[in-house]
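Structure assessment
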Amino acid sequence: MRKLWRRRLLAALALAALVTACAAGPAGEDGETGQPVYFLAVGENAEGQDAIQVSYETLELAEDASAREIAGAVVERLLAGSGHLRSPLPAGTELLGVEIRDRVAYVDLSGHIANLSGVDLALADYCLTLSLTALDGVSAVRILCQGRPLGQQPKQIFYERDVLLSTRDDVLQTVEVTLFFRNEAGALAGERRSLDLYEGQTLAENLVTALLEGPSDRSLSPVIPEGFQVNSVRVEDGVCYVNLPASSLEGLPEEEHAQQQILWSLADSLYSLETVESIRFLSGGQELTRFGGIPVESVSSRPQG
């Protein structure tokens, strides 16, 4: 289902040619000022590269408004539409709350958002992501419906790079990695995978995304449970920093063997990258010493041999 959903989505978005609409920054090419908010065009303007358009909006906020207040104002403006541009969200959708944690904006919307699916849902995701990642202090967006993840959404956290679609001609390199899943005997087994690396992406990020999406081999099954998220992953001087939201840690299975397999699946997959010599797990800005009941130290260094 996930692969089918992705193929349909990419085909529709390729027709819309969203890349050009996503490239604008805090000030437009013609000198517009204000906060960039991304809407859907209507009528003739909805064709081709103009399917998503940016509007530079003035937000009526106090000078000392917090990042959360600014993010809330951006979402409210997106809900309202702007002139000939319309909101990508269903009429009647209300903002229930916004939080920013670990540079991720959590946007909680009313139940109307659950009426979207397929390309319409993707366009809403992308308008929200582009609008909010334009703010200082926001690198990614997670969209909730009445406090819960959207069940019909195969991807839960969106980065700006997810929206800046590339073509096959933009592939910088293709790298072979090994992703670890559970085999029919219940043990971890490696699956070789070729990952395309595009401009603006990192290999570690692509690897973790592929791992969370699950195996291609039908004889293998996912180790990492549904709903488990990774806020960010980066590699610096041979150290891979994996930033986890508190919700992922709270949702770990109670059995230590299951916790261990999740930890090993992440670590063994990342160690298939030659650039990774050690791994550090973080949450809420603090380095973790335990992953559930498992000492993180057990995977902190590349295995020998």
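Residues numbered from 1 in each chain as written. Predicted model: local features only at pLDDT ≥ 70, side-chain atom pairs only at ≥ 80, totals over all residues. Heavy atoms only, no water.

A closer look at the sheet that holds strand S13 (residues 286-287)
What counts, and what does not: At least two DSSP bridges between two strands are required for those strands to pair. Per the convention used, a helix needs a DSSP run of H or I reaching at least four residues, while a strand needs a run of E reaching at least two, with both numbered from the N terminus. In this analysis, two residues are considered to be in contact whenever any of their non-hydrogen atoms come within 4.5 Å of each other. To define axes, lines are fitted to C-alpha atoms, for helices over the stretch in contact only, and angles between the resulting N-to-C directions are given on a 0 to 180 degree scale.
Spatial strand order, S10-S11-S12-S13: 4 strands in an open sheet with mixed pairing. Of all strands in the sheet, those with a lone pairing partner are strand S10 (232-236) and S13, marking the two edges. Pairing between S10 and strand S11 (residues 239-243): 5 bridges, direction antiparallel. Considered in S11, the bridge of Val 235 is made with Cys 240. Against the sheet, helix H8 (residues 256-270) makes contact with S11 and strand S12 (278-283), and its axis sits at roughly 135° relative to S12, the strand it touches most.

Observations regarding the pairing of strand S4 (residues 104-109)
Every regular strand shows the same layout, with side chains that alternate between the two sheet faces. For the record, the criterion: Burial status follows relative accessibility: with a 1.4 Å probe on protein chains alone, a residue under 20% of its type maximum counts as buried, one over 50% as exposed, and anything between as partly exposed. Handedness of a crossover: with both strands directed away from the viewer, a clockwise path from the first strand across the helix to the second marks it as right-handed.
Within S4, 6 of the 6 residues are buried, which leaves it mostly tucked inside the rest of the structure. Across the two faces of S4 the burial is the same, with Val 104, Tyr 106 and Asp 108 and Ala 105, Val 107 and Leu 109 all buried. Note: strand S3 (residues 95-101) against S4, 6 bridges, orientation antiparallel. Among the inter-strand pairings, Val 98 is bridged to a residue of S4, identified as Val 107. Connecting S3 to the antiparallel partner S4 that follows it, the hairpin turn spans 2 residues, and Asp 102 within it adopts a positive phi of roughly 55°. Relative to strand S5 (residues 140-145), S4 runs parallel, the two sharing 6 bridges. Across the sheet, Val 104 pairs through a bridge with Ala 140, a residue of S5. Handedness of the S4-helix H4 (residues 118-133)-S5 crossover: right-handed.

Here's the deal with the confidence of the model for the protein chain
Formally: Known as pLDDT, the predictor's per-residue confidence is scaled from 0 to 100.
Averaged over the protein chain, the pLDDT score is 81; the fraction of residues at 70 or greater is 79%. Overall, residues 1-31 carries pLDDT values under 50, and its contacts beyond four positions in sequence, including any with other chains, amount to 51 contacts.

With respect to the packing of aromatic side chains
Filter applied, for reference: Side-chain rings of Phe, Tyr and Trp (the six-membered ring for Trp) are treated as a pair once their centres are within 6.5 Å; stacked means planes under 30 degrees apart, edge-to-face means over 60, and tilted covers the remaining angles.
For the structure on display, the rule yields 2 aromatic pairs. Centre to centre, the rings of Phe 228 and Phe 291 are 6.4 Å apart; their planes meet at 55°, and the pair counts as tilted. You can see Phe 228 sitting in the loop between helix H6 (203-213) and S10 and its partner Phe 291 sitting in strand S14 (residues 290-291), a full 63 residues away along the chain. Aromatic side chains Phe 281 and Phe 291 sit 6.2 Å apart centroid to centroid with 50° between the ring planes, which places their arrangement in the tilted category. Of this pair, Phe 281 sits in strand S12 while Phe 291 sits in strand S14, and the two are 10 residues apart along the sequence. Among the residues examined, Phe 281 registers a relative accessible area of 0% and is labelled buried. These aromatic residues form a ring-pair network of at least three members: Phe 228, Phe 281 and Phe 291.

Quick look at the pattern of salt bridges
In plain terms, the rule: Any Lys or Arg side-chain nitrogen found within 4 Å of a carboxyl oxygen on Asp or Glu counts as a salt bridge.
For the structure on display, the rule yields 7 salt bridges. The closest approach of N and O atoms between Arg 193 and Glu 191, which form a salt bridge, is 2.6 Å. Taking the relative accessible area as the measure of exposure, Arg 193 reaches 15% and is therefore buried.

Focus on the packing of H6 against H8
In plain terms, the rule: Relative orientations are named as follows: roughly parallel for angles under 35 degrees, roughly antiparallel for angles over 145 degrees, roughly perpendicular for angles from 65 to 115 degrees, and oblique for any other angle. In this scheme the handedness of a crossing depends on how the near helix is turned from the far one: anticlockwise by less than a right angle means left-handed, clockwise means right-handed. Charged means Asp, Glu, Lys or Arg here, nonpolar means Ala, Val, Leu, Ile, Met, Phe, Trp, Tyr, Cys or Pro, and polar covers whatever is left, Gly included.
Remark: H6 packs on H8, axes separated minimally by 10 Å, with the N-to-C direction vectors making an angle of 140°. With respect to H8, the element H6 is oriented oblique. Handedness of the H6/H8 crossing: right-handed. Note on element contacts: H8 touches H6 through Ser 265, Leu 266, Ser 269 and Leu 270, opposite Leu 207, Val 208 and Leu 211. Class assignment of the residues belonging to the contact of H6 with H8 gives a composition of 5 nonpolar, 2 polar and no charged.

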